[in-house]
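Report on the structure
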Amino acid sequence: MTDDRIELFVGLIETFDAAAAIDTCRRLLSVDERVRADRFKFERHQRQYIFAHAMLRLALSHVAPNVAPTDWSFAAGRYGRPFVAAPMTSTALHFSLSHADGCVACVVSRHEAVGVDVETVSRRVAPLSTALRFFAPEEVETLRGLPEPAAIERFFDYWTLKEAYLKARGFGLNLPLDAFAMQVSREAIEISFKPDIADDPQGWRFQLFSPSPSHRLAIADGSRATGGLPITRNAWPLQEAAE
């Protein structure tokens, strides 16, 4: 990585899902990753796992081209967040990985406090009843004031943003979703915290994307870089695996 930024990699599975692609990606995985892939009951979930974890390896090697995709190894932190265990690179690399039905995504950065989440936007979701169970009161009130189509869209804005923040903090689900609230407008995306949460809302920047009409993607940037880190969006890097 030649400069300070977030590298975003996104792939829609329908655009590259083929037997040859599966085989190519599977060969990039570690033995443990292949075993985990084989544990999935449904083939579509197995393919999604294989594509996502191959994407991660390809993304890291795109940023650090002196390391082959097969040479990366990973470990997990206190709350289960994965990190690069080896090899050592001149600049430490951090990543966040996410996948939903039909889409895989990851970000790579020099900064640890970066997270990504992608979700499938379901028109069958009941946004208010789900928000009442999980979201902050401010978010619930916003959803109450929106007509259903807009409420569904905003619900998935909140969901992906909150998940991306948790991934950036490395907390997993150890911090309740109602302990912080998102505010989304045309001008900005902001976050606020309950008084007992030790975090500074001014230190966070967020971005929302729609990789397809049925997917929502959010990035949380806690680097505290002035104005936030620039984001470079990269296509699915499968061609690099075939070379």
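Model, not experiment: these values are computed from the prediction. (Residues numbered from 1 in each chain as written. Predicted model: local features only at pLDDT ≥ 70, side-chain atom pairs only at ≥ 80, totals over all residues. Heavy atoms only, no water.)

Relative to strand β10 (residues 215-221), strand β9 (residues 205-212) is paired through six bridges, and the arrangement is antiparallel. Bridge assignment links Ser212 to a residue of β10, and that residue is His215. Where β9 hands over to β10, the hairpin turn is made up of two residues, counted between the paired strands. (Pairing = 2+ DSSP bridges. Helix = DSSP H or I, 4+ residues; strand = E, 2+ residues; numbered from the N terminus.)

Checked against the element boundaries, Lys162 lands in helix α6 (residues 148-169). Accessibility expressed as a relative area gives 0% for Lys162, which makes it buried. Here Glu139 takes part through its side chain, which lies 3.0 Å from a polar atom of the side chain of Lys162. With near-sequence residues (within four places) excluded, Lys162 lies in contact with Phe135, Ala136, Glu139, Leu177, Phe180, Ala181 and Met182. (Buried < 20%, exposed > 50% of the residue type's maximum accessible area, 1.4 Å probe, protein only. Polar contact = N/O pair within 3.5 Å; in protein donor to acceptor, adjacent residues only side chain to side chain. Contact = heavy atoms within 4.5 Å.)

To continue, consider the environment of Pro147. Its place among the elements puts Pro147 in the loop between α5 (137-144) and α6. On the accessibility criterion, Pro147 (54% relative accessible area) is exposed. Sequence separation of Pro147 and Asp32 is 115 residues, and the distance between their C-alpha atoms is 46 Å.

With respect to topology, four strands assemble into an open sheet ordered β4-β5-β1-β11, the strand pairing being mixed. On the outer flanks of this sheet lie β4 (94-100) and β11 (231-234), each paired with one strand and no other. Across this sheet, the average inter-strand angle for adjacent strands is 15°, counted without regard to direction. Of the strand pairs in this sheet, β4 and strand β5 (residues 103-109) are connected by seven bridges, and their pairing is antiparallel. Among the inter-strand pairings, Ser96 is bridged to a residue of β5, identified as Val107. Contacts from helix α3 (residues 43-63) reach β1 (6-12), β4, β5 and β11, with the element oriented near 25° to β5. (Axes fitted to C-alpha atoms, helices over the stretch in contact; angles between N-to-C directions.)

Spatial strand order, β6-β10-β9: three strands in an open sheet with antiparallel pairing. Unpaired on one side and paired on the other, β6 (114-120) and β9 mark the two borders of the sheet. On average, adjacent strands in this sheet sit at an angle of 15° to one another, irrespective of strand direction. Sitting on the sheet, α6 touches β6, β9 and β10, and the angle it makes with β6 is about 145°.

Taken across its seven residues, β1 has seven buried, putting it largely inside the fold. Neither face of β1 is left uncovered, since the one carrying Ile6, Leu8, Val10 and Leu12 and the one carrying Glu7, Phe9 and Gly11 both have all their residues buried. By the bridge criterion, seven bridges tie β1 to β5 in an arrangement that is antiparallel. The residue of β5 that forms the bridge with Val10 is Ala105. Both β1 and β11 contribute to a ladder of four bridges, which runs parallel. Along β11, the bridge assignment pairs Leu8 with Arg233.

We now examine the packing of aromatic side chains. Where two aromatic rings form a pair, the distance of their centres and the angle of their planes describe that pair. Under the definition given, this model contains 14 aromatic pairs. Note on Phe135 and Trp159: the rings are 5.8 Å apart at their centroids and 40° apart in plane angle, and the pair reads as tilted. Here Phe135, found in the loop between α4 (127-134) and α5, pairs with Trp159, found in helix α6; they are 24 residues apart in sequence, far enough to count as distant. On the numbers, 5.6 Å between centres and 50° between planes, the contact of Tyr165 with Phe193 is tilted. Taken together, the residues Tyr165 in helix α6 and Phe193 in strand β8 (residues 189-193) connect sequence positions 28 residues apart. Comparing Tyr165 with Phe193 shows no difference in burial state: the two are buried. In this structure, Arg44 is placed above the aromatic ring of Phe42, and the distance from its NZ or CZ to the ring centre is 5.4 Å. If you follow Lys162 out to its NZ or CZ, it ends over the ring of Phe180, 4.3 Å from the centre. (Phe/Tyr/Trp six-rings, centres within 6.5 Å; stacked < 30°, edge-to-face > 60°. Lys NZ or Arg CZ within 6 Å of the ring centre and 35° of its normal.)

Purely geometric stuff here, so don't read any function into it on its own.
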